[in-house]
Amino acid sequence: MELLDKLTILSDAAKYDVACTSSGVDRQAAKGQLGATTKAGICHAFSADGRCVALLKVLLSNVCSFDCAYCVNRRSNEIPRATFTPRELAELTIGFYRRNYIEGLFLSSGVLRTPDYTVERMCEAIRILREEYGFRGYIHAKAIPGASEELLIRLGVLVDRMSLNIEFPSEQSLKLLAPEKAGEAAIKPMAFIRDGIKENYQDKQLSTMRRTRFVPAGQSTQMIIGASPESDYHILKLSANLYQKLELRRVFFSAYIPINRNPLLPTTSEVPLLREHRLYQADWLMRFYEFDVDEIIDEEHPFLDPLIDPKCNWAINHIDQFPAEVNKAPYEMLLRIPGVGVKGAKRIMVARKERRLRFDDLKRLNITLKRAKYFITCNGVFSEGVLFDPLNIYQELISEAKKRRFKGVMEGQLSLLDMPATPITQLPVPALPATAIPAFAGVAS
C-alpha cells in the first residue's frame, strides 16, 4: 500500500481521539536539532506560551484485536486497514514538519496484536524522531491499557504528554460495550504514571544535572458521553476524583457518534455535542474557578441544564448571594459572577484601586455584561433595564443564547434552543436506571 493511502486511512481513523489541549511544556529548540514547542503553529494544541501548535494526528494502525461495540476500528468491521512501520511514521512526521505543516505529533493506535507489541512500535517510531532526527517538538501519545510498566517508562521519557482512555464513565458500561477491556487496565497504569511523574520531579529537584523527563506535560484521559446511561453528576464526580487521586491534567468528554449498529447502543445522537459542551463548561469551573461538583450539580438534579451554561445556572440557584457589588466584592466572589473570568476578575481588582468602577468601565475591561449585568451592581445600581428576578433572568439568558447561537457549537446541536422557555422547576430530567452504577475500582465516582 502506498504511504499516501496509509495516511488517508489512518488520519481519518484518528478523528475520534480528542487532541485539542494545552501542551503544557516548553521544550526549547537546540542547536543542530529540530522543532520546539514554544514556536507558533496553527491548530490542535497550545504551547506553554499560549500559542497554537499544529499536530499531525494519526494512528499507528487501525488494525485492532478488540471488538468493542462502539468503535469504528473494531475487528469485525469491514473497513480498509493500514499500519505504518515505525520508520514510515517518523519520516512522514519529519516530512510534514519540514514543509511547515505541523509542529508536533499526536499518536494513537488500535491494539495491533497485543498492547505490548503496539506500544513497542509506538516507542520505536518516537525514538527515531527524537534520537535520529533530533526532533524536539511536542508529542502526545495514547498508551494502550494493558501494556507493561517497562514500556510505559520507555514511552514516558520520549513523549511530552501521555494518555490512557477509560472509554466509559463506569465499569458496568465498559463491561457491557467493551467486554474484552477492564477498567483496571487503564486505572492502574494511570497511577503508575502519576507516581513516575512525582518521582521524576523529586529527582530533578535533588539534581539540577538530571536531564531525563518523564511525561513532563502530565497525563489525560477520554470518556465517551451519551452511549451509556451515566448522569452528568456521575461523570463530573468521576472526573473530579481523576483530577484529585490520579492528578490528571485533563479529562476529555467525547460525544457519542453512532457508527456501528448494535442493540446495546443508541441509534441516534440527539444533542450529545451540546451535552459535551456543558460538561466541558462544568469541568472548567472545577479546574479554574474552585467550584465543587456538588455546587454545580447534585443527585436530585443529575443532569446539567442544556439551555444555559452551568455558571449561570449556579448563580440563579444561589440568587441570595447576589447582586455582587463590583467595587467591594472579594476576588473569590468576582470569579462566581457569570461573564467574569479569571482575567476579568483580576482586571477588576486592579482597576478599582484607581477609581470606583461603572458599567462603562467594565466594558473597557472586556467583562461580558450580557450575562454579568443580571448579577452585579456598580455603586449600588443595577444596569439599566435589569429586573432582578431569577425566573426573568433565566428567560433572558435563554433569549440571549438564541441570539448568540452558542458560538463555537455546531448549528445542528441547537434544537433544544428552539424550545420555549420553561421555569426551572419544570425542566425535564432524563430517566436513570433503577440500580446504581458502580464506580471504577480505585476511583470513587
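Each value, and the rule that gives it
Residues numbered from 1 in each chain as written. Predicted model: local features only at pLDDT ≥ 70, side-chain atom pairs only at ≥ 80, totals over all residues. Heavy atoms only, no water. pLDDT = per-residue confidence, 0-100. Helix = DSSP H or I, 4+ residues; strand = E, 2+ residues; numbered from the N terminus. Contact = heavy atoms within 4.5 Å. Phe/Tyr/Trp six-rings, centres within 6.5 Å; stacked < 30°, edge-to-face > 60°. Buried < 20%, exposed > 50% of the residue type's maximum accessible area, 1.4 Å probe, protein only. Lys NZ or Arg CZ within 6 Å of the ring centre and 35° of its normal. Core = buried A, V, L, I, M, F, W, Y, C linked by side-chain atoms within 4.5 Å. Axes fitted to C-alpha atoms, helices over the stretch in contact; angles between N-to-C directions. Parallel < 35°, antiparallel > 145°, perpendicular 65-115°, else oblique. Left-handed = near helix turned anticlockwise from the far one by under 90°. Nonpolar A, V, L, I, M, F, W, Y, C, P; charged D, E, K, R; others polar. Salt bridge = Lys/Arg side-chain N within 4 Å of Asp/Glu carboxyl O. Polar contact = N/O pair within 3.5 Å; in protein donor to acceptor, adjacent residues only side chain to side chain. Pairing = 2+ DSSP bridges. Lys, Arg positive; Asp, Glu negative; His and termini not counted.

**Student:** Looking at this structure, how should I read the confidence of the model for the protein chain?
**Tutor:** A low pLDDT means the predicted coordinates there should not be read in detail. Averaged over all residues, the pLDDT of the protein chain is 84; the fraction at 70 or higher stands at 81%. Mean pLDDT in the protein chain bottoms out at strand β1 (residues 21-22), which sits at 49, and peaks at helix α3 (residues 115-132), which reaches 97. In the predicted structure, residues 37-43 sits below a pLDDT of 50 and forms 34 contacts with residues beyond four places in sequence or in another chain.

**Student:** Just to check I follow, could you spell out the packing of aromatic side chains for this structure?
**Tutor:** Any aromatic ring pair is given by two values, namely how distant the centres are and how the planes are angled relative to each other. Per the stated rule, a full pass over the model turns up nine aromatic pairs. Note on W314 and F322: the rings are 5.9 Å apart at their centroids and 80° apart in plane angle, and the pair reads as edge-to-face. Of the two residues, W314 and F322, both sit in the buried class. An aromatic cluster is built from F291, W314, F322 and F375, whose rings are joined through pairwise contacts. Stacked on the ring of Y117, the Lys or Arg R113 has its end atom at 4.3 Å from the ring centre. One residue, R336, lies across the ring of W314, its end atom 5.2 Å from the ring centre.

**Student:** Help me out: how do you make sense of the nonpolar core in this one?
**Tutor:** Note that soluble globular proteins tend to have their nonpolar side chains buried in a common cluster. In terms of nonpolar packing, the biggest core is built from 120 residues, with L242 and L362 touching the most fellow members. Residues contacting L362, with those up to four places away along its chain left out, are V326, I348, L357, I367, L369, I376 and C378.

**Student:** Even after reading the chapter, I still don't get the packing of helix α2 (residues 86-98) against α3, so can you show me in this structure?
**Tutor:** Two quantities define a packed helix pair, namely the angle between the axes and the distance from one axis to the other. Two numbers describe how α2 lies on α3: the axes approach to 8 Å, and their chain directions differ by 45°. Overall, the two elements α2 and α3 adopt an arrangement that is oblique. Crossing angle aside, the handedness with which α2 passes α3 is right-handed. Of the residues in α3, those in contact with P86, R87, L89, A90, T93 and I94 of α2 are R121, E124, A125, I128, L129 and E132. The class makeup of the residues in the contact of α2 with α3 is seven nonpolar, one polar and four charged.

**Student:** Honestly, the pattern of salt bridges in this entry has me stumped. Any pointers?
**Tutor:** It is possible for side chains bearing opposite charge to pair when their charged atoms get close. For the coordinates displayed, the defined rule picks out 20 salt bridges. We note a salt bridge from E124 to R127, for which the minimum N-O separation is 2.9 Å. Of the two residues, E124 and R127 are both situated in helix α3; the distance of three residues between them amounts to about one turn of the helix. E131 is paired through a salt bridge with R127; the nearest N and O atoms lie 3.2 Å apart. Of this pair, E131 and R127 both sit in helix α3, separated by four residues, roughly a single helical turn. Relative accessible area serves as the criterion here: at 55%, E131 is assigned to the exposed category.

**Student:** How should I be thinking about helix α10 (residues 310-317) in this particular structure?
**Tutor:** Note on helix geometry: an α-helix contains 3.6 residues per turn, so any two residues three or four positions apart are oriented the same way. Where burial is concerned, most of α10 is hidden: seven out of the eight residues are buried. All of the buried residues in α10 are P310, K311, C312, N313, W314, A315 and I316. The N-terminus of α10 is capped by D309, whose side-chain oxygen sits 3.0 Å from the backbone nitrogen of K311.

**Student:** Help me understand the environment of V326 in this model?
**Tutor:** By the element assignment, V326 lies in the loop between β10 (324-325) and α11 (331-334). For V326, a relative accessible area of 1% translates into the label buried.

**Student:** For this particular structure, what's the right way to read the environment of L335?
**Tutor:** Looking at the secondary structure, you find L335 in the loop between α11 and α12 (342-351). Of the residues examined, L335 reaches a relative accessible area of 6% and is grouped as buried. Each C-alpha atom of the pair L335 and Y289 lies 6.3 Å from the other, and the pair is 46 residues apart in sequence. When neighbours within four sequence positions are excluded, L335 is seen to be in contact with Y289, K311, V340, G341, V342 and A345.

**Student:** Just checking my understanding: could you explain the sheet that holds strand β8 (residues 219-225) for this structure?
**Tutor:** Working definition: the strands of a sheet are paired by backbone hydrogen bonds and lie parallel or antiparallel to each other. Strands sit in the order β4-β5-β6-β7-β8-β9 across an open sheet of six strands; the sheet is parallel. Two strands in the sheet have a free side with no partner beyond their single neighbour: β4 (55-59) and β9 (250-255). Neighbouring strand axes in the sheet, compared pairwise and without regard to direction, differ in orientation by 20° on average. Relative to strand β6 (residues 138-142), strand β5 (residues 104-108) runs parallel, the two being bridged by four bridges. Within β6, the position partnered with L107 by the bridge is A141.

**Student:** Hey, could you run me through the environment of G339 in this one?
**Tutor:** When you line up the elements, G339 lands in the loop between α11 and α12. The spatial distance from the C-alpha of G339 to the C-alpha of N366 is 9.6 Å, given a sequence separation of 27 residues. The contacts of G339, once residues within four sequence positions are left out, are I367, T368, R371 and A372.

**Student:** Is there a simple way to think about the side chain of E230 in this case?
**Tutor:** For E230, the position within the fold is in the loop between β8 and α7 (232-245). Summary of buried charges: E230 has no salt-bridge partner, and the nearest side chain of opposite charge, R275, is 6.8 Å away. At 2.4 Å, the side chain of E230 forms a polar contact with the side chain of S173. Of note is the side chain of E230, whose polar atom sits 2.4 Å from the side chain of S228.

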